[in-house]
Amino acid sequence: MTSPARFKGIAASIGVAVGLARVVGRERRRPSCRQIDDTAISSELARFARAVSNSRADIESAKQELTDRHGSTYAPIMDVYLLMHGDALLIDATSDAIRNDKVNAEWALSRVTERLKKPLLEDPSPYFQERARDIEHVREHLMRHLCGEQRSEPSTDGPAVLIAHDLTPADAVHMLAPPTVGLVTEVGAESSHTAILARTFGVPAVVGVGPLPADIEDDDVVLVDGFAGEVTVGASPEERRAAETRRDRFSAFLKAERSTSAVTRDGVSISVAANVELPSEVEAALAHGAEGIGLYRTEFMCLSRREPPSEEEQLEAYRGVVSAMAPRQVVFRTFDWRGDKRLRAHDLGERGRAWLKTQINAVLRASSEGSVALMFPMVATVEEFCEARALVEECRNGLSDERARSAQLPIGMMVEVPSAALLAERFAEHADFFAVGTNDLAHYTLAFDRRDSRSSAKPLDPAVLGLLQRAITAASDAQTPCSMCGDMAADPVALCLALGLGYRQISVPVSVIPLARAVIRNVDLQVAAAVAGDAMKCVSADEVRALVVDRLDAQLGALWKEQGIV
Ligand code: PEP
Ligand code: MG
């Protein structure tokens, strides 16, 4: 690249990386259709079967590598892909297409995967978009074997930043290790498996940057800003030096912050828990000093499965997490099928209700291992929360295990639909605790798509702040514990406002815990409360942000600047 080029994407894994571009697999394969005659069908089927078996071996090897590096708890990510290698809708359907349509395996596989992806892609929910990507990833592995290609290997000369259209999780396991120091992908989302692995391995990543120019070459200097979601290709020497300084400062900061406290300047202790998606994150949550798990997104257990895991399978996973975290509390959220569409237990019909009961049984049974709470997402009416509570009682009464039947676990709800915040005092009569989800609350309040990269400022909109204030005030009046687990708490500027509004419990992604604690230690709550009051009079989220940055500069300016946040 001759002059620096800058790209904006989704900040998927925090930190700063400086390295040489390593462009991998950006070319999109377009298989052509080749008709085969009857005599060639069996050899084509055998060729496809070989590709499936070799591809499965690749994923097994990635699973082993993941287990060697991070223990067995990481296996579920790869199990999802292994299962897909035996999936009738994908594998058998491709063989059928080869046989019936008399076409080459590449073409049959492409047709089948496009057909499977179509209904998923039509659904705007990030969850279903990601499931479509899982299919795409398996297709990529199978195609590679059909076409006789090797996986690209990271360059060994110096720190590398991988630039890819997408990276399958199995490739991520092999490639997100030294000398790779950063990752940039054209597609992807914060919740994709590859993004989760980047966070797990501590590799700064920006995903979903959109189509990158073809003239990015290996050895261009690339800067990855995993805080702001920015990528610079062909950086100048000055930019490179500045990024290296930020990178070194951040890693020194992380080391120093491992065991610090979360007490504000005026001596108020704030509880900082972790949001987790997979059991594998528990180890890191403990290492970062999480005071509990404030949001366990259980739907991640169901990735790429047509049905949730059985009660026993869930029980085993939940028990492991609860006993590892004990005596700290783990808040299990029941399956949130769609992050951006209301689809609650009764909307799913009898099947959904049965799944929910299976899950509640597993959580009730796991609660004897330690401190457990259960909460429901997307609650919009008092009536449906009462129904959800009644369902818990129904499950409890149906259990044969006496200990599980007598388990006294708090039953709470997410406050993430505006109606729940508006009627928070009514909900507080029924819920044992609230967990405020700012991602969906902003989305539903402002009719602004949470997947839009510009939406990160939106929880700061005065309308959302008003709802956040209502929720915390109602909770305090009713002495109902109320935490904030949406991404507003993970934003080092917005967090100050949450504290100013009165939130004293937060739950944030594991990698953000050290930074959140440092912000808390620098905040004076009286000053933050005054800023929150004035923020209500602003006209936009951007104005609120500027106000916080300006008014809290004396307390937090140095930290924000040091970490490159403002
Ligand atoms: C939220 O909506 O803020 C939240 C924490 O839930 P999720 O991001 O899982 O939808
Ligand atoms: Mg939500």
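Described below are features of the structure shown in this document.

1. Remarks on the pairing of strand S8 (residues 230-233)
And then number 1: The pairing of strand S1 (residues 5-8) with S8 spans 4 bridges and is classified as antiparallel. Residue Lys8 lies in a different strand from S8, and its bridge partner there is Glu230.
And then number 2: Bridging between strand S7 (residues 221-225) and S8 involves 4 bridges; their strand directions are antiparallel. Opposite Val224, over in S8, you have Val231 as the bridge partner.
And then number 3: Between the antiparallel neighbours S7 and S8 lie 4 residues, among them Gly229 with a positive phi of about 75°.

2. Here's the deal with the packing of helix H20 (residues 525-535) against helix H21 (residues 541-551)
Packed helices, taken two at a time, are described by their axes: the angle between them and the distance between them.
And then number 1: Look at H20 against H21: their axes get within 10 Å of each other, and the N-to-C directions meet at 155°. One element, H20, and the other, H21, form an angle in the roughly antiparallel class. Judged by the sense of rotation from one axis to the other, the crossing of H20 with H21 is right-handed. Packed against H20, whose contacting residues are Ala530, Val531, Asp534 and Ala535, the element H21 presents Val544, Leu547, Val548 and Arg551 at the interface.
And then number 2: Looking at side-chain class alone, the contact of H20 with H21 contains 6 nonpolar, no polar and 2 charged residues.

3. Details of the sheet that holds S8
And then number 1: Strand order in the open sheet made by the 8 strands is S1-S8-S7-S3-S4-S5-S6-S2, with mixed pairing throughout. Two strands in the sheet have a free side with no partner beyond their single neighbour: S1 and strand S2 (10-13). For this sheet, the mean angle separating the axes of adjacent strands, direction not counted, is 30°.
And then number 2: Where helix H7 (residues 193-201) meets the sheet, it contacts S2, strand S5 (180-185) and strand S6 (205-207), and its direction lies at approximately 55° from that of S2.
And then number 3: On top of the sheet, helix H8 (residues 237-256) reaches S1, strand S3 (16-24), S7 and S8; it is set at about 115° to S3, its chief contact.

4. Examining the packing of aromatic side chains
And then number 1: A complete count under the given rule lists 6 aromatic pairs for this structure.
And then number 2: Seen in terms of ring centroids, Tyr296 and Tyr318 are 6.5 Å apart; in terms of plane orientation they differ by 80°. Their pairing is edge-to-face. You can see Tyr296 sitting in strand S10 (residues 292-297) and its partner Tyr318 sitting in helix H10 (residues 311-325), a full 22 residues away along the chain.
And then number 3: On the numbers, 5.2 Å between centres and 50° between planes, the contact of Tyr296 with Phe332 is tilted.

5. Notes on the coordination of the magnesium ion (ligand 2)
And then number 1: Protein coordination at the magnesium ion (ligand 2): the donors are Glu416 (OE) and Asp440 (OD), at 2.0 to 2.1 Å from the metal. Within this pair, whereas Glu416 is found in the loop between strand S13 (411-415) and helix H14 (418-422), its partner Asp440 is found in helix H16 (residues 438-446), the two being separated by 24 residues in sequence. Comparing Glu416 with Asp440, the two get one shared label, buried.

6. Describing H20
And then number 1: For H20, the complete set of buried residues consists of Leu525, Ala528, Val531, Ala532 and Ala535. Along the axis of H20, the buried positions cluster into a sector of 120°, meaning they face one direction only.
And then number 2: Buried residues in H20 make contact with helix H17 (462-478), helix H18 (494-501) and H21.

7. Some thoughts on the state of the cysteines
And then number 1: One pass over the full model with this rule turns up 0 disulfides.
And then number 2: Not engaged in a disulfide, the cysteine Cys33 finds its nearest cysteine sulfur in Cys147; these two sulfurs lie 15 Å apart.
And then number 3: Cys482 supplies the cysteine sulfur nearest to Cys485, a cysteine that is in no disulfide, at a spacing of 9.4 Å.
And then number 4: Residue classification places Cys485 among the buried residues on the basis of a relative accessible area of 1%.

8. Details of unusual backbone geometry
And then number 1: Pro178 connects to Pro179 through a cis peptide bond whose omega is 10°.
And then number 2: Within the secondary structure layout, Pro179 lies in the loop between helix H6 (169-175) and S5.
And then number 3: Residues Ala326 and Pro327 are joined by a peptide bond in cis, for which omega reads 5°.
And then number 4: Among the secondary structure elements, Pro327 is positioned in the loop between H10 and strand S11 (329-333).
And then number 5: Phi is positive for Gln479, close to 55°, though the residue is something other than glycine.

9. What about a negative patch on the surface?
And then number 1: A cluster of like negative charges, contributed by Asp157, Asp215, Glu217 and Asp219, occupies part of the molecular surface.
And then number 2: Summarising the element assignment, Glu217 is placed in the loop between S6 and S7.

Cut-offs and rules
Positions within a chain are numbered from 1, following the residues in the order the chain's sequence is written. In the order they appear in the text, chains get letters beginning with A and ligands get numbers beginning with 1. Where totals are concerned, whole chains, interfaces and linings use all residues; where local detail is concerned, this predicted model gives features only for residues with pLDDT of at least 70, and gives and counts side-chain atom pairs only at 80 or more. Only hydrogens and water are set aside when side-chain values are computed; all heavy atoms of the structure are taken into account. Here, any two strands with at least 2 DSSP bridges between them count as paired. In this text, helices come from DSSP runs of H or I with a minimum length of four residues, and strands from runs of E with a minimum of two, each type numbered from the N-terminal end. Lines are fitted to the C-alpha atoms to define the axes, a helix being fitted only along its stretch in contact, and any angle between axes, read from their N-to-C directions, falls within 0 to 180 degrees. Angle categories: roughly parallel below 35 degrees, roughly antiparallel above 145, roughly perpendicular from 65 to 115, and oblique for all the rest. It is the rotation of the near helix from the far one that decides the hand of a crossing: anticlockwise by less than a right angle makes it left-handed, clockwise makes it right-handed. A contact between two residues is defined here by any heavy atoms of the two lying within 4.5 Å. Polar here means any residue outside two lists: the nonpolar Ala, Val, Leu, Ile, Met, Phe, Trp, Tyr, Cys and Pro, and the charged Asp, Glu, Lys and Arg; Gly therefore counts as polar. Think of it this way: a Phe, Tyr or Trp ring, Trp meaning its six-membered ring, pairs with another when their centres are within 6.5 Å, and the plane angle makes it stacked under 30 degrees, edge-to-face over 60, tilted otherwise. The rule for donors is simple: an N, O or S atom within 2.8 Å of the metal counts, and for Na, K and Ca the reach is 3.2 Å. Water is not among the atoms, so a site may look short of donors. Between buried and exposed lies partly exposed: a residue is buried under 20% and exposed over 50% of the maximum accessible area for its type, with that area taken using a 1.4 Å probe on protein chains only. To be clear, the arc concerns the directions from the helix axis to the C-beta atoms. Disulfide: a pair of cysteine sulfur atoms within 2.5 Å of each other. Exposure above 30% relative accessible area and the absence of a salt bridge qualify a residue for a patch, where like charges join within 9 Å and nonpolar side chains (Val, Leu, Ile, Met, Phe, Trp, Tyr) within 5 Å. Under the convention used here, a 1.4 Å probe and the Shrake-Rupley method define accessible areas, while residue burial counts only the protein chains that appear. Any carboxyl oxygen of Asp or Glu that lies within 4 Å of a side-chain nitrogen of Lys or Arg is treated as forming a salt bridge with it. Charge counting treats Lys and Arg as positive and Asp and Glu as negative, with His and both chain ends excluded. Where a charge lies is defined by one atom per residue type: Lys uses NZ, Arg uses CZ, Asp uses CG and Glu uses CD.

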